[in-house]
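A closer look at the structure
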Amino acid sequence: MACFFRRKIAAKLARTLQQSEDVFIPSLTAVPPLKKQQSGPDLRLSLSTLRVEGILPSSGDIQLQTENLAAQLKQDKQDSVVEDISTGHAVINFKVNRVLLAEKVLEPFAKGDDDNFGLNSELLNSLPRGTTLVEYSSPNIAKKFHAGHLRSTIIGNFIANLKQSLGNNVIRMNYLGDWGMQFGLLGAGFKQFGCVEKLKDNPLQHLFEVYVKVNKEVQHSEDMKQAARDFFRQLEQHESQAVTLWQQFRELTVKEYQQVYKRLGVHFDIYSGESFHQDQAQEVVQELQRRGLLKVSERGTRVVDLSPEGDMTNVCTLLRSDGTTLYITRCRHVSFGLVQGMKTRTGDVVFLEDVLDEARARMLHNMNQTSTTKELENPEDTAERVGISALIVQDFKGPLQADYKFDWDRMLQARGDTGVFLQYTHARLCSLIRRNEVAEAGTFNPSLLQEQTSINILQQLLRYDEILHQSSKDLQPRHLVTFLLKLCHFVASAHTELPVAGSPQDVAQARLRLFRAARSVLANGMKILGITPVPKM
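Residues numbered from 1 in each chain as written. Predicted model: local features only at pLDDT ≥ 70, side-chain atom pairs only at ≥ 80, totals over all residues. Heavy atoms only, no water.

**Overview of the environment of Leu-13**
Considering the arrangement of structural elements, one finds Leu-13 in helix 1 (residues 2-17). By relative accessible area, Leu-13 is classed as buried at 0%. Each C-alpha atom, one on Leu-13 and one on Pro-41, is 17 Å from the other, the two residues being 28 residues apart in sequence. Residue contacts for Leu-13: discarding those within four places in its chain leaves Gln-18, Phe-24, Leu-28, Leu-45, Leu-69 and Leu-73. (Helix = DSSP H or I, 4+ residues; strand = E, 2+ residues; numbered from the N terminus. Buried < 20%, exposed > 50% of the residue type's maximum accessible area, 1.4 Å probe, protein only. Contact = heavy atoms within 4.5 Å.)

Structure, rendered in structure tokens:
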């Protein structure tokens, strides 16, 4: 794999420049293959990086420096790994022995080590490892799961999956919105509009109905406003009747949410929430009071003055006038972009379940247009998984900070850069391997994988550890999505240009090893993204 070739080239550089091999490893990157490029380089050395690191002089003509170093490297005849050295703008390109490329990249797939491909790379050794707490999703209890929480849920799941795959002990926490004045409203509203039987039959729908009614009521009823304030104060003072009702709301909500999470393939180790930190919030308030930083505004709220001149022109409100806490005393916020135009056939989306149901229905309709769907044992389950894949990939294709426009037709295309395309490619590879299992017996001959189509796949697989490293550094899933989509495009070409059936036994065996490697990396990458690969569709 890539670490073998990086180490060999680093050794060549170390001999030439009289430096340690390790200093060159971060400067060597696998070159992204181009579909129409014939036999391009495999790895690249950045001289800019070497200059920044002080390995090469930072002054002088960098291109002249590049040409001189390349000439020196060509004089080193001590290894048989590098076949050709060329230069670009401030970079040196290395083309490795093609037989050795196929042998080393595909070596792990002969040992049953498929799931660890790329994860044992020394490139990843620099990443910190330990216990990582990932808090995500964080819906508000007593409400149906809003579609707006989809991004937080799948982004957090990706981060948790990535960190776990890289050897971290990951704790997955759902920090619920389970405290605040809205529960004063809900508690007071339930006393007037609630029904115990309806709460048992359809808890979140009934609580939603109660919440709508009580919000209308407080618009014109001071008594209801006061009842809501009283109920929340009772909660913060741990009065048993209020706490018991709140606990019931919370438990019923979590139970329903878990059904949605199961559909998404998401799980949590801990369900925490704002309520867990209410005592700590009071401690913070008391500390601010002791330091004289908590002031009373004209409206009677307790605030911290953030204005440079101390004139109360910029304040942060911590407590309402009745002494109850606000959101800012209980947690921190991480922002990401918005989803624009998310609608179902019935109109504007409110609940996530509506989106998941629509994705499944649309995907099942598309699948029914093909001849292979009738062979599936559970086409609805497959449609559900593929539809969710489409949702995830559409969300992850761009930077997380950016807004994006939701588009049902585009995201469900089987041939575009979509989650459907990932699943289709995986299912097709699984089918190919199932049909030709007997052909895999025998000795693997890497010299039979010299076509440009084979080289493209090998060069793409060579980049996998770098993609994981980059994703871990900035926690952006788009790197992995782009990598997997490009791999799928190379595999699509290989299906046509590298037939297994009808080929000589040794050729078929070599090509199957290549296809098995592509399937394994595709499946592992999809799992990190939070996508469950389907074996047939």
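Read on for the rest.
**Some points on the packing of aromatic side chains**
According to the stated counting rule, one finds 16 aromatic pairs in the structure shown. Relative to Tyr-261, the ring of Phe-145 has its centre 5.4 Å away and its plane inclined at 80°; by these criteria the two rings are edge-to-face. With Phe-145 in the loop between strand 5 (131-135) and helix 5 (150-165) and Tyr-261 in helix 10 (residues 240-264), this residue pair connects regions lying 116 residues apart in the sequence. Ring plane angle 90° and centroid distance 4.9 Å describe the contact between Phe-406 and Trp-408, whose orientation is recorded as edge-to-face. Each member of the pair Phe-406 and Trp-408 is classed as buried. An aromatic cluster is defined as three or more aromatic residues linked by ring pairs; in this entry it consists of Tyr-136, Phe-145, Tyr-257, Tyr-261, Phe-268 and Tyr-271. Sitting above the plane of the Phe-351 ring, Lys-144 keeps its charged end 5.0 Å from the centroid. (Phe/Tyr/Trp six-rings, centres within 6.5 Å; stacked < 30°, edge-to-face > 60°. Lys NZ or Arg CZ within 6 Å of the ring centre and 35° of its normal.)

**Description of the side chain of Lys-12**
Along the chain, Lys-12 falls in helix 1. Judged by its relative accessible area of 4%, Lys-12 is buried. Not counting chain neighbours up to four residues away, the residues in contact with Lys-12 comprise Leu-73, Asp-76, Asp-79, Val-82 and Ile-85.

**What to know about the domain arrangement of the protein**
Looking at the protein, the domain boundaries give domain 1 (2-96), domain 2 (131-274) and domain 3 (345-529). Distance from the C-alpha centre of domain 1 to the C-alpha centre of domain 3: 33 Å. Together domain 1 and domain 3 conceal approximately 1200 Å² of surface at their shared face, both sides included; 49% is due to carbon and sulfur atoms. The tally of links from domain 1 across to domain 3 stands at 2 salt bridges. A salt bridge links Arg-6 to Asp-465, with the shortest nitrogen-to-oxygen separation between them at 3.0 Å. For the pair domain 1 and domain 3, the interface holds 7 residue pairs in polar contact (both at pLDDT 80 or more). For the side of domain 1 that touches domain 3, the secondary structure elements donating two or more residues are helix 1 and strand 1 (28-30). The biggest single contributor to the side of domain 1 that touches domain 3 is helix 1, with 4 residues. In terms of residue class, the side of domain 1 that touches domain 3 is built from 11 nonpolar, 5 polar and 3 charged. (Domains from an automatic or database assignment. Buried area = accessible area lost by both parts, 1.4 Å probe. Salt bridge = Lys/Arg side-chain N within 4 Å of Asp/Glu carboxyl O. Polar contact = N/O pair within 3.5 Å; in protein donor to acceptor, adjacent residues only side chain to side chain. Nonpolar A, V, L, I, M, F, W, Y, C, P; charged D, E, K, R; others polar.)

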